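Working through the structure, step by step
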Amino acid sequence: MMKRILIFSGLGILLLACGRPSPVRPDVFIKKVETAGSGLLMKKEIANVMFSVQYKPVDYILSKELMNHSLISSDLEKRRKQLDGYRYFTFRVKGKDEKDPVRIGTLSQEEYDQKQGYLSSDIQRDFLLVEGKDSVPCSICHYEKTYGLSPFVTLVLAFKDSENRNKEDNELSFLYQDHVFGAGNIWMKISTGDLKDIPTVNFN
Amino acid sequence: MNKIILGLALVIMIGCCAFTVIYVKKGAPKIAYVELESVYNDFELKKELEVKITTVQNLRKNILDSLKLQLSALSNRYSVKKDEQTAREFEARKQEYYQKEKEFTENNARTSKSYTDQIWKQLNQYAKDYGKEQGYTYILGYDGQGALLYGQDAVNVTDAMKKYVNIRYKGGVSK
């Protein structure tokens, strides 16, 4: 009887261990997060405009900073504490013709300037993160200005953790209520499975 | 000898038939149709924007109703007093009312057009993606205007398309 219990316990532990992704190196983690197959990079094309959202777990930001030497290993935990408490995303809009997407449907320089003004500040209130029953407004929004030289618009976003963070079976829904590109509401979703499949990072 | 020739002819004939069937099947375009109005009306974005525009329009209507009420009160006052100050005030309020009414009408039309454009942009994109994913050569739109007069129920993919566009709109991936 005891032998059976031991065998089943052993099998159970083995199954649990198999279910959890094993820790990976920071460079491998970055690649994994940036792959479309991970479900953490979401894309949606509407009428020749490509919207994409990259979810950036804290480990991803730490890995990036370590890889580009803006962070040293000894400061890792201190930096983690600074970043904890938020969910981070990079939101990007790209026109298919490789031109400044803000110019799409823009008739005058005045309208273009108005759109640039909106991207610099007011756009923040048009982002929402839905987790379970919680709708979280965007807390930090930074527009990377390129003065029309880049073929895409990039915004770095942060949303405060909701009470439902890390609760079972909660998917993440990202909403942008578009006022610039004429596409309407842009919803993108990260499934529970993809959130669970995020591996841990071995920083040693 | 005759039996051999007959057998050979039979084999060639069967071969030709099989080739024709396979070729026609492979080359035949895959066509389906959707009831456009139904897909449009059941599209989540359309429903959301409809609620949004109705709320704004009702708020604007309330503002106009309030102005109208003030005008009516001023008109009553003028019919009793017949003074110049009330007449001036009435005229100013009337101008304000007409200006607001014009502004709201134009704005409502602009917003409505912008919302309709957004809905069609997304619907067209999802319909295109659906067609590609399902391997259709054509998906025709039935709108009751005569462009498509008849389609068998077997090639009516309205329900599947409705489901697909709403999943895609909410950020999901079709399975």
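What comes next is a walk through the structure. (Residues numbered from 1 in each chain as written. Chains lettered and ligands numbered in written order. Predicted model: local features only at pLDDT ≥ 70, side-chain atom pairs only at ≥ 80, totals over all residues. Heavy atoms only, no water.)

**Focus on the packing of aromatic side chains**
The relative placement of two aromatic rings is captured by the distance of their centres and the angle of their planes. Residues and elements named next belong to chain A. Which entries qualify depends on this criterion: Between rings of Phe, Tyr and Trp, where Trp is taken as its six-membered ring, a pair exists when centres lie within 6.5 Å; planes separated by under 30 degrees are stacked, by over 60 edge-to-face, and by other angles tilted. Note on conventions: DSSP H or I runs of at least 4 residues are helices, E runs of at least 2 residues are strands, and numbering of each starts at the N terminus. The buried label applies to any residue whose accessible area, calculated with a 1.4 Å probe on protein chains only, is under 20% of its type's maximum; exposed applies above 50%, and partly exposed to all values in between.
A complete count under the given rule lists 18 aromatic pairs over all chains for this structure. On the basis of an interplanar angle of 50° and a centroid distance of 5.7 Å, the ring pair of Phe127 and Phe174 is categorised as tilted. In this pair, Phe127 is assigned in strand 4 (residues 127-131) and Phe174 in strand 7 (residues 172-177), connecting sequence segments 47 residues apart. Since its relative accessible area comes to 1%, Phe127 is described here as buried.

**Regarding the nonpolar core**
Condition: Definition used in this section: a nonpolar core is a set of buried Ala, Val, Leu, Ile, Met, Phe, Trp, Tyr and Cys residues joined via side-chain atoms within 4.5 Å. Only heavy atoms matter for contacts: two residues are in contact if any of them lie within 4.5 Å across the pair.
Counting 74 residues, the largest nonpolar core has Phe51(A), Phe89(A), Phe91(A), Phe127(A), Leu157(A), Phe174(A) and Tyr176(A) as its most contacted members. If near-sequence neighbours (up to four positions away) are discounted, Phe91(A) is found in contact with Phe51(A), Ser52(A), Val53(A), Phe127(A), Val153(A), Thr154(A), Leu155(A), Leu157(A), Phe174(A) and Tyr176(A). The next biggest cluster of nonpolar side chains, apart from the first, holds 5 residues, and it includes Leu64(B), Leu67(B), Leu71(B) and Tyr97(B).

**Digging into the pairing of strand 8 (residues 185-190) of chain A**
Residues and elements named next belong to chain A. Filter applied, for reference: Strands qualify as paired when DSSP identifies two bridges or more between them.
Along strand 8, 5 of the 6 residues are buried, which leaves the element largely enclosed by surrounding structure. Taken together, the 6 bridges between strand 7 and strand 8 define a ladder with antiparallel strand orientation. Bridging across to strand 8, Tyr176 finds its partner in Ile186.

**Comments concerning the pattern of salt bridges**
Residues and elements named next belong to chain B. Convention followed: For this document, the term salt bridge refers to a Lys or Arg side-chain nitrogen within 4 Å of an Asp or Glu carboxyl oxygen.
Inspection of the entire model under this criterion finds 22 salt bridges over all chains. Here Glu44 ties to Lys47 by a salt bridge, and the two come within 3.9 Å at their closest N and O atoms. Of this pair, Glu44 and Lys47 both sit in helix 3 (residues 44-81), 3 residues apart, which is roughly one turn of the helix. With a closest N to O distance of 2.9 Å, Asp117 and Lys113 form a salt bridge.

**Digging into the sheet that holds strand 2 (residues 49-56) of chain A**
Hydrogen bonds between backbone atoms are what pair the strands of a sheet, whose relative direction is either parallel or antiparallel. This is how the line gets drawn: Here the axes come from fitting lines to C-alpha atoms, over the contacting stretch only for helices, and the angles between their N-to-C directions go from 0 to 180 degrees.
Spatially, the 8 strands line up as an open sheet ordered 1-2-3-6-5-4-7-8 (chain A), and their pairing is antiparallel. On the outer flanks of this sheet lie strand 1 (41-46) and strand 8 of chain A, each paired with one strand and no other. Averaged over all neighbouring strand pairs, the angle between strand axes comes to 25°, with direction disregarded. Looking at chain direction, strand 5 (residues 134-144) of chain A and strand 6 (residues 152-160) of chain A are connected through 6 bridges and run antiparallel. Along strand 6 of chain A, the bridge assignment pairs His142(A) with Val156(A). Contacting strand 5, strand 6 and strand 7 of chain A, helix 5 (residues 109-120) of chain A runs over the sheet at an angle of about 120° to strand 5 of chain A. Contacts between helix 4 (residues 84-134) of chain B and the sheet are confined to strand 1 and strand 8 of chain A, with strand 1 of chain A contributing the most and set at about 110° to the helix.

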